[in-house]
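# Chains, contacts and geometry: an overview
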Amino acid sequence: MSGSKNAMIWDVHAHLNSPRLAGDLAAVLARAQAAGVERIVNIGFDANSSAESVALAEKYDFIYAAVGVHPHDAAAAGSQTWDELRALARRPKVLAWGEIGLDYYRDLSPRETQRRVFIEQIELANEAGLPIIIHDRDAHGDILDIIRAHPPVHGGVFHSYSGSWEMAREVLSLGFYLSFSGPVTYRNARHAPEAAAKAPADRLLVETDCPYLPPEPHRGKRNEPAYTVLTAAKIAELRGVSLEEIAAVTTANVGRVFPRLNSAAGE
Ligand code: NI
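What you see is a predicted model; the values in this text were computed from it and never measured. (Residues numbered from 1 in each chain as written. Predicted model: local features only at pLDDT ≥ 70, side-chain atom pairs only at ≥ 80, totals over all residues. Heavy atoms only, no water.)

## What about the pairing of strand β3 (residues 63-67)?
Counting buried positions along β3 gives five out of five residues, so the element sits mostly inside the fold. Bridging between strand β2 (residues 37-43) and β3 involves four bridges; their strand directions are parallel. Bridging from a neighbouring strand, Ile 40 pairs with Ile 63 of β3. As a crossover connection, the stretch from β2 through helix α3 (residues 47-59) into β3 is right-handed. Two strands pair when backbone bridges link them, and β3 and strand β4 (residues 94-103) are joined in this way by three bridges, in the parallel orientation. For Ala 66, the partnering residue across the bridge sits in β4 and is Ala 96. (Buried < 20%, exposed > 50% of the residue type's maximum accessible area, 1.4 Å probe, protein only. Helix = DSSP H or I, 4+ residues; strand = E, 2+ residues; numbered from the N terminus. Pairing = 2+ DSSP bridges. Right-handed = clockwise from strand over helix to strand, strands pointing away.)

Here it is as structure tokens:
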């Protein structure tokens with residue numbers, strides 16, 4: 001589908017079904033393709049958004065899906081949610097279980113519930129044969145404790161990584177990938193640029209988390225997949241390599257972190 005000679009870029013974390021993007025989705029997707037962001041993983045945060053995510057992936061050949069319950073929505077999840085997500089997770093374009101994890105910044109579900117639902121979903125991902133996509137906000141210690149006690153056997157991604165390099169080393173030693181988003185471009189960012197500069201090339205990924213977290217110079221506005229290029233360019237600058245090299249290594253990494261891509265559904 002690509003006429004471009006440049007290496008393509010994957011946006012591994014988007015919320016295209018957000019009302020902020022759904023209204024002009026065709027234009028958003030056209031700009032992504034024109035910018036070289038030729039593949040997008042759309043992420044669920046509850047049963048409905050996960051179903052929407054799979055529907056988008058089944059409509060567009062360049063979109064893939066992840067299904068899961070975000071810690072904000074943990075309190076509403078129950079056995080019916082798990083039945084729905086189990087069924088969705090069998091669809092061939094579902095690459096991962098997520099986003100899941102802990103959010104102690106906004107605390108929209110009780111922390112005890114967040115922990116229980118995170119553990120339940122690690123087990124569901126293991127049963128489904130899928131890696132996980134982790135949302136960690138102000139919960140580093142508990143996230144690490146849980147993934148050590150309940151190992152995600154197919155690994156996964158720390159999305160929108162903004163922790164310290166010290167934490168990154170722990171995450172990397174457990175086999176996880178680090179995905180960087182807009183904040184790596186912010187002038188006042190402290191941790192994310194250091195981790196993006198030091199992480200091994202074979203564990204790097206890039207994402208938007210659109211419509212949230214736009215990179216400079218779009219900070220404060222709506223984010224969209226085309227802007228993944230700005231984040232990738234900043235990482236290239238931090239590492240002293242070309243944008244093409246970041247595009248190539250992150251695309252190669254996608255093929256390893258999401259093994260289902262290599263099955264028949266992959267291309
Ligand atoms: Ni997200």
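## Examining the coordination of the nickel ion
Only His 13 (NE2), His 15 (NE2), Glu 99 (OE) and Asp 209 (OD) from the protein reach the nickel ion as donors, at distances of 2.2 to 2.4 Å. Look at where the donors of the nickel ion fall in the sequence and you get H-x1-H-x83-E-x109-D. In this pair, His 13 sits in strand β1 (residues 9-14) while Glu 99 sits in strand β4, placing the two residues 86 residues apart along the sequence. The pair His 13 / Glu 99 is uniform in exposure class, with both members buried. (Donors = N, O, S within 2.8 Å, 3.2 Å for Na, K, Ca; no water.)

## Description of the nonpolar core
Grouped together as the largest cluster of nonpolar side chains are 67 residues, with contacts concentrated most on Leu 16, Trp 97, Phe 118, Ile 132, Phe 158, Leu 178 and Phe 180. When sequence neighbours within four positions are dropped, the list of residues in contact with Phe 158 reads Ile 134, Asp 136, Ile 143, Ile 147, Met 167, Val 171, Phe 176, Tyr 177, Leu 178 and Ser 179. Ala 96, Ile 133, Phe 258 and Leu 261 belong to the second largest nonpolar core, which has 16 residues in total. (Core = buried A, V, L, I, M, F, W, Y, C linked by side-chain atoms within 4.5 Å. Contact = heavy atoms within 4.5 Å.)

## So, the packing of helix α8 (residues 191-198) against helix α9 (residues 228-239)
Two elements in contact, α8 and α9, have axes whose closest approach is 8 Å; the angle formed by their N-to-C orientations is 70°. In terms of axis orientation, α8 runs roughly perpendicular to α9. The handedness of the crossing between α8 and α9 is right-handed. On α9, the residues touching Pro 193, Ala 196, Ala 197 and Lys 198 of α8 are Ile 235, Leu 238 and Arg 239. The residue makeup of the contact of α8 with α9, split by class, is five nonpolar, no polar and two charged. (Axes fitted to C-alpha atoms, helices over the stretch in contact; angles between N-to-C directions. Parallel < 35°, antiparallel > 145°, perpendicular 65-115°, else oblique. Left-handed = near helix turned anticlockwise from the far one by under 90°. Nonpolar A, V, L, I, M, F, W, Y, C, P; charged D, E, K, R; others polar.)

## Here we look at the sheet that holds β3
Across the sheet, eight strands lie side by side as β1-β2-β3-β4-β5-β6-β7-β8; this open sheet has parallel pairing. Both edges of this open sheet fall to β1 and β8 (204-206), since each of them pairs with a single strand only. When the angles between neighbouring strand axes are averaged without regard to direction, this sheet yields 30°. As judged from the three bridges shared by strand β7 (residues 177-180) and β8, these two strands associate in the parallel manner. Counterpart to Ser 179 in the pairing with β8 is Leu 205. Sheet strands touched by helix α5 (residues 111-128): β4 and β5 (132-137). Its angle to β4, the strand with the most contacts, is close to 165°.

## Details of the pattern of salt bridges
Evaluation of the coordinates by the stated rule reveals 14 salt bridges. Note that Asp 107 is salt-bridged to Arg 111, the shortest N-O span being 2.8 Å. Residues Arg 222 and Glu 224 are paired through a salt bridge, measuring 3.2 Å at the closest nitrogen-oxygen approach. (Salt bridge = Lys/Arg side-chain N within 4 Å of Asp/Glu carboxyl O.)

## What about helix α4 (residues 79-89)?
Among the residues making up α4, those that are buried are Thr 81, Trp 82, Leu 85, Leu 88 and Ala 89. The buried side chains of α4 occupy one side of the element, clustering within an arc of 125° when seen end-on. In α4, the exposed positions angled more than 90 degrees off the buried face are occupied by Ser 79 and Gln 80. Looking at the buried residues of α4, the elements they touch are α3, β3, β4 and α5. (Arc of directions from axis to C-beta.)

## Details of the pairing of β7
On a regular strand, each side chain points to the face opposite its neighbour's, so the side chains alternate between the two faces of the sheet. Along β7, one buried face is formed by Tyr 177 and Ser 179 and the opposite face, lined by Leu 178 and Phe 180, is buried too. The pairing of strand β6 (residues 156-158) with β7 spans two bridges and is parallel. Directly across from Val 157, in β7, lies its bridge partner Tyr 177. Considered for its hand, the β-α-β crossover made up of β7, α8 and β8 is right-handed.

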